[in-house]
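Remarks on the overall topology
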Amino acid sequence: EQVVHMIILLSNKIRLMYQVKILTNKGNSDQAISKLLKVHEYPVKLAREAGYKYSENHLLEVLERLSKLDLDIKSGETVGEVEFETLLASI
């Protein structure tokens, strides 16, 4: 259950980075993005700064891998601890 919770937290952060990256590329300011996403401006700023390190495709790939791992854990195919640590190391 703890791994699933960590997957959810990480997915939310990466999703925010992806959304901010897309909206920033369209010319939106942090303030406009925070209004659009209904998130405080400070997490938007942090996501923008962290998002520079990654391409849009890489962020989507990580989200897909997290989603698959979450599904595998919930369907009982894996416990997920080792897979989650491996995923973290690859990011």
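Right above here is the structure, for reference.
An account of the accompanying structure is given in this report. (Residues numbered from 1 in each chain as written. Predicted model: local features only at pLDDT ≥ 70, side-chain atom pairs only at ≥ 80, totals over all residues. Heavy atoms only, no water.)

The subject of this paragraph is the packing of helix H1 (residues 2-25) against helix H4 (residues 56-74). The geometry of H1 relative to H4 is characterised by a closest axis approach of 10 Å and an angle of 155 degrees between their N-to-C directions. Comparing their axes, H4 and H1 come out roughly antiparallel. Helix-helix and strand crossings are classified by hand; for H1 and H4 the assignment is left-handed. Together, Val3, Val4, Ile7, Leu10, Ser11, Ile14, Arg15, Met17, Tyr18, Lys21, Ile22 and Asn25 of H1 and Glu56, Leu59, Leu60, Val62, Leu63, Leu66, Leu69, Asp70, Ile73 and Lys74 of H4 make up the contact between the two elements. (Axes fitted to C-alpha atoms, helices over the stretch in contact; angles between N-to-C directions. Helix = DSSP H or I, 4+ residues; strand = E, 2+ residues; numbered from the N terminus. Parallel < 35°, antiparallel > 145°, perpendicular 65-115°, else oblique. Left-handed = near helix turned anticlockwise from the far one by under 90°. Contact = heavy atoms within 4.5 Å.)

Attention now moves to unusual backbone geometry. Note: most peptide bonds trans; most residues except glycine with negative phi. Phi is positive for Lys38, which is not a glycine, with a value near 55 degrees. Relative to the helices and strands, Lys38 resides in the loop between helix H2 (30-37) and helix H3 (41-51).

On to the packing of H4 against helix H5 (residues 81-90). The geometry of H4 relative to H5 is characterised by a closest axis approach of 11 Å and an angle of 175 degrees between their N-to-C directions. It follows from the interaxial angle that H4 and H5 lie roughly antiparallel. Contact residues: H4 offers Val62, Arg65, Leu66 and Leu69, while H5 offers Glu83, Phe84, Leu87 and Ser90. A class-by-class count of the residues in the contact of H4 with H5 yields five nonpolar, one polar and two charged. (Nonpolar A, V, L, I, M, F, W, Y, C, P; charged D, E, K, R; others polar.)

Time to look at H3. Within H3 the residues assigned to the buried category are Val44, Ala47 and Gly51. For H3, the angular spread of the buried residues around the axis is 65 degrees, confining them to a single face. Contacts from the buried residues of H3 go to H1 and H2. (Buried < 20%, exposed > 50% of the residue type's maximum accessible area, 1.4 Å probe, protein only. Arc of directions from axis to C-beta.)

What follows is about the side chain of Asp72. Tracing the sequence through the fold places Asp72 in helix H4. Under the relative-accessibility criterion, Asp72 is labelled buried at 15%.

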